[in-house]
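Close look at the chain arrangement
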Amino acid sequence: MQKRCGLAMASLLLLGMSGTSQALDWSGYWRAGPGLTGHSTNRACYALNGGVSGMKYRLGNECDIFGEFMLSQDYKKDGLEYKVNLMTSHYTGNTDTDGKGLGIEQLWAEVKGIDLLPEATFWIGKERGRRGDVHIVDTFFTEMKGVGAGVKGITALGGKLGVAYYKNDDTPDKPGHRINVELLSLPANEGGALNVFTTATKGQFSGGTTGAGVAIRHDQENLLGTGLTNNLWVQYAQGSAGLNSNFGDLTAGSNAKGWRVVESFNGQIGRVGGQAMVLFAKETNKFGQDVTSFSVGGRVSYGISRNFKFITELGHSQYKPEGGATARLDKLTIAPTLSVDNTFWSRPELRFYVTMARWNKAAGNVTGNPALANETSGTSAGAQVEWWF
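Residues numbered from 1 in each chain as written. Predicted model: local features only at pLDDT ≥ 70, side-chain atom pairs only at ≥ 80, totals over all residues. Heavy atoms only, no water.

As for the packing of aromatic side chains
Ring pairs (aromatic) are described by centroid distance and by the angle formed between their planes. Scanning the entire structure with this criterion turns up 13 aromatic pairs. Note on Trp30 and Trp387: the rings are 6.1 Å apart at their centroids and 20° apart in plane angle, and the pair reads as stacked. Of the two residues, Trp30 is situated in strand S1 (residues 20-32) and Trp387 in strand S21 (residues 377-388); the sequence distance between them amounts to 357 residues. Residue Trp30 is classed as partly exposed on the basis of its relative accessible area of 29%. Between Trp345 and Trp388 the ring centres are 6.4 Å apart and the planes differ by 40°, which places this aromatic pair in the tilted class. In this pair, Trp345 sits in the loop between strand S19 (327-339) and strand S20 (349-359) while Trp388 sits in strand S21, placing the two residues 43 residues apart along the sequence. Of the aromatic side chains, those joined through ring pairs into one cluster are Tyr29, Phe66, Phe344, Trp345 and Trp388. In this structure, Arg178 is placed above the aromatic ring of Tyr166, and the distance from its NZ or CZ to the ring centre is 4.0 Å. Here the basic side chain of Arg178 rests over the ring of Phe247, its NZ or CZ set 4.9 Å away from the ring centre. (Phe/Tyr/Trp six-rings, centres within 6.5 Å; stacked < 30°, edge-to-face > 60°. Helix = DSSP H or I, 4+ residues; strand = E, 2+ residues; numbered from the N terminus. Buried < 20%, exposed > 50% of the residue type's maximum accessible area, 1.4 Å probe, protein only. Lys NZ or Arg CZ within 6 Å of the ring centre and 35° of its normal.)

This is the structure in structure tokens:
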């Protein structure tokens, strides 16, 4: 891995010397910290074991150490703008050495200014294709990630058109193909814009299936004159396509389908800032079995002084499999926090937190920790740094 990273760095430096180079940009994100839970066991975090993704409220509920760091090098030559990007990552499931070590999260190159489509950007490589997230549940509801090639930023219908092709070779005997088409920033109303994402998938093997999906996201600035922003996702997928515009189960037929609606509010008014989310979803697997999901929650910060704020997060999540009992989980976290200023989105943050969770028997062991297998409640405490730059 060190050799591969060294070669990638060398490539970045060579690109920088072969034209009119710009500064090497470094950006990233990381979180880490210690914690404890009762029952003389390792720190516990709380998440349902089923239902749709996007229902784990993360404040005081992340037991891992995680970081991702992007190096980007721009340069210009003959009127073209080139860029190469390398993102390394590290993940450790707990606070010791059980992680996967250093990995390559993204690695792609792009060029803008081609005379046929001067406003467009052409790209090839491994790229995540993330298009908006809900931070409090650490979920990108549209994430067209993978190894692929495409073009984006084409002026069309008052917005920006993008087309990309991806190949999935992770399982050698079950390869898959995927095409994504996106149309971003379509004017919809005053302060509002529509974003449309379509997906087509196919498993290129015996028993492989096709799939299709569509997602619409509406973004609203200055909601009702309050200064708040609002993001609404409406998503549908069938067959081997995923709700997040990615691959789903490449063996799933047309009876596999799902939909998801997500509403998210964000904003800062005076000393008070926050984000809230409501989620509804229903998924039917390839065997025709249904699971319905629901979640509602939010995080609020209150600025006490310039560098100190008090944060609290409350979330409720549940899912119900067809013919089964409803699994429920409630989580509350309080976190006095030091930061560069007292607004909701300011980082870095150094938090000291207490998290309390309750769940029912139908949810099973929401911690994955054997010491809590027969419990239906838990309390954790700890400290965490979260930093992006």
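Don't stop here, the text continues.
Quick look at the confidence of the model for the protein
Confidence along the protein averages 92 in pLDDT terms, with 93% of residues attaining 70 or more. Confidence drops under pLDDT 50 across residues 1-17; counting only partners more than four residues distant or on other chains, this segment forms 17 contacts. (pLDDT = per-residue confidence, 0-100. Contact = heavy atoms within 4.5 Å.)

With respect to the layout of surface pockets
Approximately 310 Å³ is the volume attributed to the second largest pocket. Contributing to the lining of the second largest pocket are 16 residues, with Gly146, Val147, Lys167, Asn168 and Asp170 lying nearest its centre. Elements represented by at least two residues in the lining of the second largest pocket include exactly strand S5 (101-112), strand S6 (121-127), strand S9 (146-156) and strand S10 (159-168). Top element by residues in the lining of the second largest pocket is S10. It accounts for three residues. Each residue belonging to the lining of the second largest pocket can be placed in one class, and the counts come to three nonpolar, four polar and nine charged. (1 Å grid on protein atoms, 1.4 Å probe; cavity = no way out; pocket = protein on both sides within 12 Å on 5 of 7 lines; lining within 4 Å. Points joined across faces, edges and corners; volume = space filled by probe spheres on them. Nonpolar A, V, L, I, M, F, W, Y, C, P; charged D, E, K, R; others polar.)

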